[in-house]
Amino acid sequence: MPAPNFPSKRAPVYQNVPDEQWNDWRWQMRNRLNTVEEFEKVITLTDSERKALSSPDLFRVEITPYFVSLIDPDDPNDPIRKQIVPTAGEIDAFTGMMEDSLAEDRHSPVPGLVHRYPDRVLMLVTTQCASYCRYCTRSRIVGDPSATFSRADYDAQIEYIARTPQVRDVLLSGGDPLSLAPKVLDELLARIYAIPHVEVIRIGSRIPVFMPMRVTDELCETLQKYHPLYLNIHVNHPNEITRELAEATDKLTRAGIQLGNQSVLLAGINDCVHIQRKLVQDLVRIRVRPYYLYQCDLVEGAGHLRTPIAKGIEIIEGLRGHTSGFAVPTYVVDAPGGGGKVPLMPNYLISYSDHKVVVRNYEGYITTYEEPTEYKLHDPKTCKYCQSKRIEPGQAGVHGLLDGDAMFIKPDGYDVLHNRGGGMHRLRADGEKWKPLGIGEKKDK
Ligand SMILES: *Cc1c(COP(=O)(O)O)cnc(C)c1O
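Quantities reported herein were computed from a predicted structural model and do not represent experimental measurements.

Mapping Arg32 onto the fold places it in the loop between α2 (25-30) and α3 (36-40). Look at Arg32 and you get buried, because its relative accessible area is 12%. Among the polar contacts listed, one links the side chain of Arg32 to the backbone oxygen of Met29, at a separation of 3.1 Å. For Arg32, the side chain forms a polar contact with the main-chain oxygen of Ala130, separated by 3.0 Å. If near-sequence neighbours (up to four positions away) are discounted, Arg32 is found in contact with Glu38, Arg60, Glu62, Ile63, Thr64, Pro65, Cys129, Ala130, Ser131 and Tyr132.

This is the structure:
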């Protein structure tokens, strides 16, 4: 098996930087580019980019010297460039875009903590990143160094997790958690790790991609104290996979950290099945498992980077079966208005009748699966897992089972959403009867 030979690049302007500096993440942070003058030394700016970079109300721009070096300086359509160098498209007004399109603020019991799913929380720990993606879902809060999270916010977030026993999975995001001062990160992880009911910690970070030199031996030593620890990185295009990133993921996986990748489907960047196939295949070579492919959110300033949903489905159709199953991410759209992630995929189920299920495979080959004629229904009354999850109707903030069916009680304790007979039903906390939740009906009271 040939060793992967990923490129290592440094723009001409940085050729004389001593290696100790180039490989020092603090140097990379200090020497980030953000002005027209700095960019002109590395890439040939287009009029549209120059206009955007000179605009006063632009979402923050910063790019590490390492990451800008991966751009082809003369190609205005370079897939890395379009992710991080703003264009005039960003400052035009868009209709239908939303500041907080995922309604995260509405699901925040304390600042920076989003509790939308029954057993896990999203904890925003900083507003700072090593570089800023132009399509950032959280551009409303990210970038402003004066509006980052404080010690008191961390205390409130950790207190909430500690008094909410159904939270078994804590996902650190931001901003980029790995941009925190090493001591702050260590202390934060230690405090979460010390909560008895927290079973898993996850970090979402693009720092290994923007600045692989941040993945030092010390960082790996810190992280491996908090196993099981999962780290999702964010790679959108094969050009981002370099020798340096491969070294960083090698270090992290040797420290026992499970690596995943979340990418965003972006117009003119990776909206092509062949690019995506190469991306996921290169990711598994560096031991990163593709996790999610996101439909681009309705973010202000990112309208020009959105694709139709059909494009995402076409990409999954071109991956599933065509390449290793574990290299295929789940394509999700984060439902506007706070509905959470909704998986979308090609339809492989052609028809479902009494005893016959007609399916097709990735090549279009059609077969029939004969259902069993006798199937003894699972009996929740004798199942110790079902019994241990039994809860009272209306009991707030608990995920469990009612009469053996999975259900979810919203953290606010009012409505119970319950998947019964294929449709969502709702139950009021006062014990009202189940009633179907109509399509399009708002789940909130
Ligand atoms: C994405 C997300 C999670 C994690 O979801 P998984 O599907 O478990 O990866 C948790 N909370 C919020 C608010 C999220 O947006």
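Further notes follow.
Across the sheet, nine strands lie side by side as β1-β2-β3-β4-β5-β6-β7-β8-β9; this open sheet has mixed pairing. Edge positions in the sheet fall to β1 (113-117) and β9 (340-343), since each has one partner strand and no second. Across the sheet, the mean angle from the axis of one strand to that of its neighbour is 25 degrees, orientation sign disregarded. Here strand β2 (residues 120-124) pairs with strand β3 (residues 169-173) via five bridges, running parallel. Bridged to Leu122 within β3 is Leu171.

A large share of β1 lies buried, amounting to four of its five residues. Counted along the chain from β1 to the antiparallel partner β2, the turn is two residues long.

With that settled, the discussion passes to the site of the ligand. By nearness alone, every residue bordering the ligand is listed as Val114, Arg116, Tyr117, Arg120, Leu122, Leu171, Arg202, Tyr291, Tyr292 and Lys341. A distance of 2.7 Å separates an oxygen atom of the ligand from a polar side-chain atom of Arg120. Tyr292 places a polar side-chain atom, nitrogen or oxygen, 2.5 Å from an oxygen atom of the ligand. Alone, the ligand offers 390 Å² of accessible surface; in the complex the protein occludes 91% of this. Going through the elements one at a time, β1, β2 and β7 (289-295) are the ones with two or more residues in the shell around the ligand. If one sorts the elements of the shell around the ligand by residue count, β1 sits on top with three residues. Taken together, the residues of the shell around the ligand sort by class into six nonpolar, no polar and four charged.

Rules used throughout
Residues numbered from 1 in each chain as written. Predicted model: local features only at pLDDT ≥ 70, side-chain atom pairs only at ≥ 80, totals over all residues. Heavy atoms only, no water. Helix = DSSP H or I, 4+ residues; strand = E, 2+ residues; numbered from the N terminus. Buried < 20%, exposed > 50% of the residue type's maximum accessible area, 1.4 Å probe, protein only. Polar contact = N/O pair within 3.5 Å; in protein donor to acceptor, adjacent residues only side chain to side chain. Contact = heavy atoms within 4.5 Å. Pairing = 2+ DSSP bridges. Axes fitted to C-alpha atoms, helices over the stretch in contact; angles between N-to-C directions. Near = heavy atom within 4 Å. Areas by Shrake-Rupley, 256 points an atom, 1.4 Å probe, with all protein chains shown as cover. Nonpolar A, V, L, I, M, F, W, Y, C, P; charged D, E, K, R; others polar.

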